[in-house]
Structure formats: structure tokens, C-alpha cells
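# Residue-level structural notes
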Amino acid sequence: MSSCEQGTHLGSLTRGNGRRETEDWFAGRTHHWQEWTVAELVAAKKATGQSVSLVVPAHNEAATVGQVVSRVRETLVGTVALLDEVIVIDSDSDDDTYAVATDAGAIVHRCCDIRPDLGTHPGKGEAMWKSTFVTKGDLLVFMDADLVDWDTHFVSGLLGPLLTEPAVSMVKGFYERPYRSGNTVAAYEGGRVTELVARPLIALLYPELAGVVQPLAGEWAIRRPLFESLPVPTGYAVELAALIDTVRVAGTDAIAQVDLGRRTHRHQALLDLGAMATQIMAAAWSRSLDRPAADEVILRQYVSGDGVIQSRDRHAQLIERPPAKSVPSA
């Protein structure tokens, strides 16, 4: 597609029918977690015969992963049988994440130990991709390990559309994301990369996803056959890439979103967000061009030290794993 053709394509998608289609999708595919009781979901799970795996990718999250695991296990495994397994994928942690998660009752796998014949890469997406080789569930629910203000309805809410609407294959969570700076809390200022990177990319390249409230949300769920059919960026681009690729293979009606209320987590430093943004931009742009990005890009950043501006090169990894279903058995 030439630059002129691409510009025409982008413009046509963002006008008229595109807006109406976004509004229609939003009205039909946006839910609230309170629409389903846990008992109703357990009954739906039993009726459909589906199993559910909760996957918690974790990197140096010893301070929070234990509470995440123990609360979910107590509420959704011990009290009711909504979850069949709780799996933590420890991604190269050098703290006590593995021990804390194990003590809390999770099945814990070190990412590097899963299919070592395939090698290993750092990153959240790598942990999620590797989880397909050690989980059994027909439905996969992903939840971040750094949550500090949340509840177990995050899990049940995400399962609502998957257990009750056969046409839905992927569910994104959204929530109020406060940003805390000292004693000041701004209710909706937490999604900096979403607002500065993901949403502009969607507006320019993928307007059919404009109705997704939080495209980078770490809390989402997907049917295993779909996830295993998707290429997976090893870094932070996994969430946006999964949205784009799902629309390509199944259309927007295969996606639903659920209001989960409020979510608070540990915020990353600004320079770290630069590397995250680079990965997200690369995944989105490579898909728009239908050609892979380079495996790595060097991001030059500048910091002040002793009153002198100094450059710092950061290696942003852009590697993508192939669809898990295409990988030969060990």
C-alpha cells in the first residue's frame, strides 16, 4: 500500500460508518462485572464442560504476588470451583517471587525452565507464551502480579462473556486507574502509555479498536485455541498485539470488555516506559505493514548526572514468538 493509499485508508476508517460501528460494538460488547454472579458462572462452566487456568506472569513481585494468589485460591478455587488451576510464571525474578507464590498455593514455573529447548527471552509476553505449555485450561485468564487495590471479581468478571457468549473469544478488562504521586492521587491518570502511545496508534492505524477502553490492560482472558494461534511479542506489546491479531482473524465481535471497577498497581519510571512504548509501537506498526520488525532496536535516552546531560542506550527487544500451536512437541 502506498503512502497515499494508506492515508486514504486511514481516513475512511475514522469517519462516518467507522464511528457508528465503534459505537455499536461498544454498546453490544461492553459489560460490568456485576452482570454475573459467581454461582451463575460456575453453573455455566459446568454446563459447557470448560476448564479455566489463571496465569499470573511475575517479575520481582514478591511484595504482592502472594496476596494475589492466596485471595484467588481461597475465593475461586477453595470456596467455589471456578478456577481449575492457578499458575505463576516467574520471569527471571531475582527476589523471592518464586518462594512467595509457592507458599501462597500457586503452581510456579520459572520461565526459563519451560521448554528450554526453545530458549528463553526476558519479558511479560514470553512468560504468557510459555504458559501455554504448562497450563491445561480451555480458557486462559491473565492477571498481573503487582496489584495492590483489586478484588477477585477481576477473574470472574473476565470469564463472564467467555462462559455465556459463544461468539466471544477474547475479553479485556478496564477500570479506574489512579496515579499516585506522594500524597496526591489522580483518579484517571494512571494509564500513561495507553494515552500517549496505544490510543494514538489505534486512532491512526486500527480505528476499529477505538471502542476498547484500556487496550493495554494486563487483566484479560482468551480461549486457548485463539491464543495458541497468535504470534506473541515477548515484551510489553503482547496485549495490543493480541487485540490487533484477534480482530484480523475473528473480527471485533469476537472481543468483549468488562468494567472491573478500580485497579491500582506499582507505576514504572518514565525512562522504563520509553522502552515499553517502543515495543508497543513496533508491534503495531509491523502489523500495519504486514512485515516483522527487527529483533531489537536501540533506544537512546538522556539523563542528567552532576548537572551534565548524558546519553544512555537501552536495548528494546522486539522479538515475537510464533503461534504456540505451530511449535513442535519437545
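Residues numbered from 1 in each chain as written. Predicted model: local features only at pLDDT ≥ 70, side-chain atom pairs only at ≥ 80, totals over all residues. Heavy atoms only, no water.

## Observations concerning the overall build of the protein
Looking only at helices and strands, the protein features eleven helices and 16 strands. For the protein, the proportion of its 330 residues judged to be buried stands at 51%. A fraction of 75% describes how many contacts in the protein between residues 6 or more apart in sequence connect residues 24 or more apart. When the accessible area of the protein is evaluated, it comes to approximately 15100 Å², of which 53% is carbon and sulfur surface. (Helix = DSSP H or I, 4+ residues; strand = E, 2+ residues; numbered from the N terminus. Buried < 20%, exposed > 50% of the residue type's maximum accessible area, 1.4 Å probe, protein only. Contact = heavy atoms within 4.5 Å. Areas by Shrake-Rupley, 256 points an atom, 1.4 Å probe, with all protein chains shown as cover.)

## Remarks on the sheet that holds strand β3 (residues 85-90)
One open sheet holds the eight strands; their spatial order is β1-β12-β7-β10-β5-β2-β3-β4, and the pairing between them is mixed. Of all strands in the sheet, those bounded by a partner on one side alone are β1 (30-32) and β4 (107-110). Taking the axes of each pair of neighbouring strands and ignoring which way they run, one obtains an average angle of 25 degrees across the sheet. Relative to strand β5 (residues 139-142), strand β2 (residues 52-58) is paired through four bridges, and the arrangement is parallel. Across the sheet, serine 53 pairs through a bridge with leucine 140, a residue of β5. Helix α4 (residues 65-79) contacts β2 and β3 of the sheet and is inclined by roughly 165 degrees relative to β3. Lying on the sheet, helix α10 (residues 238-250) is in contact with β7 (170-176), β10 (220-223) and β12 (255-262); it crosses β7 at an angle near 135 degrees. (Pairing = 2+ DSSP bridges. Axes fitted to C-alpha atoms, helices over the stretch in contact; angles between N-to-C directions.)

## A short note on the packing of helix α3 (residues 38-48) against helix α7 (residues 153-164)
For the pair α3 and α7, interaxial distance at closest approach is 10 Å and the crossing angle is 40 degrees. By the angle class used here, α3 and α7 are oblique. Note that α3 runs across α7; the crossing there is left-handed. Where α3 abuts α7, its residues Val38, Leu41, Ala44, Lys45 and Thr48 lie against Ser156, Leu159, Gly160, Leu163 and Thr164. Residue composition of the contact of α3 with α7, grouped by class: five nonpolar, four polar and one charged. (Parallel < 35°, antiparallel > 145°, perpendicular 65-115°, else oblique. Left-handed = near helix turned anticlockwise from the far one by under 90°. Nonpolar A, V, L, I, M, F, W, Y, C, P; charged D, E, K, R; others polar.)

## Things to note about unusual backbone geometry
Its identity is not glycine, yet asparagine 60 carries a phi of approximately 55 degrees, on the positive side. Of note, asparagine 60 is situated in the loop between β2 and α4. Phi is positive for arginine 115, which is not a glycine, with a value near 45 degrees. Among the secondary structure elements, arginine 115 is positioned in the loop between β4 and α6 (124-131). Residue arginine 115 is classed as buried on the basis of its relative accessible area of 13%.

## Quick look at the nonpolar core
In this structure, Leu209, Trp220, Ile222 and Ile280 are the most contacted members of the largest nonpolar core, which totals 44 residues. Among the elements of the structure, β3, α6, β5, α8 (192-205), β10, α9 (224-227), α10 and α11 (270-289) are those that each provide at least two residues to this core. Once residues within four sequence positions are removed from consideration, tryptophan 220 is found in contact with Met128, Leu140, Val141, Phe142, Leu158, Met170, Val171, Lys172, Phe227, Val238, Glu239 and Ala242. Listed in part, the 40 residues of the second largest apolar core include Leu41, Ala104, Leu159 and Tyr175. (Core = buried A, V, L, I, M, F, W, Y, C linked by side-chain atoms within 4.5 Å.)

## Describing the environment of proline 323
Tracing the backbone through its elements, the reader meets proline 323 in the segment after β16 (320-321). In this view, proline 323 contacts Trp129, Glu228, Ser229, Leu230 and Pro231; residues no more than four positions away in its chain are not counted.

## Examining the packing of aromatic side chains
For the structure shown, the criterion picks out six aromatic pairs. Sitting over the face of the ring of tryptophan 150, arginine 71 holds its NZ or CZ atom 4.4 Å from the ring centroid. Across the ring face of tyrosine 98, the terminal group of arginine 110 is positioned such that the distance to the ring centre comes to 3.9 Å. (Phe/Tyr/Trp six-rings, centres within 6.5 Å; stacked < 30°, edge-to-face > 60°. Lys NZ or Arg CZ within 6 Å of the ring centre and 35° of its normal.)

## Let's talk about the pattern of salt bridges
What the rule picks out here adds up to 17 salt bridges. Connected via shared salt-bridge partners are Lys124, Asp144 and Glu239. (Salt bridge = Lys/Arg side-chain N within 4 Å of Asp/Glu carboxyl O.)

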